[in-house]
Amino acid sequence: MGERKNKSKTAVATVSEPLVVDTMGGRIHVHWDESAQATPNGQLVFFAEFLACTGVFDRWVERCPLTYTSPNSPGNRDVLGTLLLAILAGHRRYAHVTAFRNDRGVIRS
């Protein structure tokens, strides 16, 4: 009762200027390509901004008990970051992390 029969459709806002997102890796400019297909990893930059703002990731790295003795070993931050990305992308095996290489939605340095 009292509801309108013809509900108006909500307009999707188009963003002409890039969104500026501050992450732990630096400032990222996000451009939306409305004609491209969606990627499951494209929204990770916003989660990275959350981790940078809250300091959750930094505290996790500081408290991590990992130690490597090889001079060629990666740092704890790199290992934990790769693990976190793999988990968020739904990978169950470490070998599946290579799927990030071909995804255009993942930030590359």
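For the structure, see preceding data.
Since this is a predicted model, take the numbers as computed values, not measurements.

Turning our attention to the side chain of T23. Mapped onto the elements, T23 comes out in strand β1 (residues 19-23). A distance of 2.8 Å separates the side chain of T23 from the backbone oxygen of G26, its partner in a polar contact. If we skip the residues at most four places from it in the chain, T23 touches I28, V45, A48, E49 and A52.

Of all hydrophobic cores here, the largest spans five residues; its members are L51, F57, V61, C64 and L80. Dropping the residues within four chain positions of it, L51 is found in contact with M24, V56, F57 and L84.

For the rest of this paragraph, the subject is the packing of aromatic side chains. Inspection of every chain in the model, using the stated rule, returns two aromatic pairs. Their ring planes at 70° and their centres at 5.9 Å tell us that F57 and W60 sit as a pair that is edge-to-face. Of the two residues, F57 and W60 are both situated in helix α2 (residues 56-63); the distance of three residues between them amounts to about one turn of the helix. Its relative accessible area of 7% is what places F57 among the buried residues.

Rules used in this analysis
- Residues numbered from 1 in each chain as written.
- Predicted model: local features only at pLDDT ≥ 70, side-chain atom pairs only at ≥ 80, totals over all residues.
- Heavy atoms only, no water.
- Helix = DSSP H or I, 4+ residues; strand = E, 2+ residues; numbered from the N terminus.
- Polar contact = N/O pair within 3.5 Å; in protein donor to acceptor, adjacent residues only side chain to side chain.
- Contact = heavy atoms within 4.5 Å.
- Core = buried A, V, L, I, M, F, W, Y, C linked by side-chain atoms within 4.5 Å.
- Buried < 20%, exposed > 50% of the residue type's maximum accessible area, 1.4 Å probe, protein only.
- Phe/Tyr/Trp six-rings, centres within 6.5 Å; stacked < 30°, edge-to-face > 60°.

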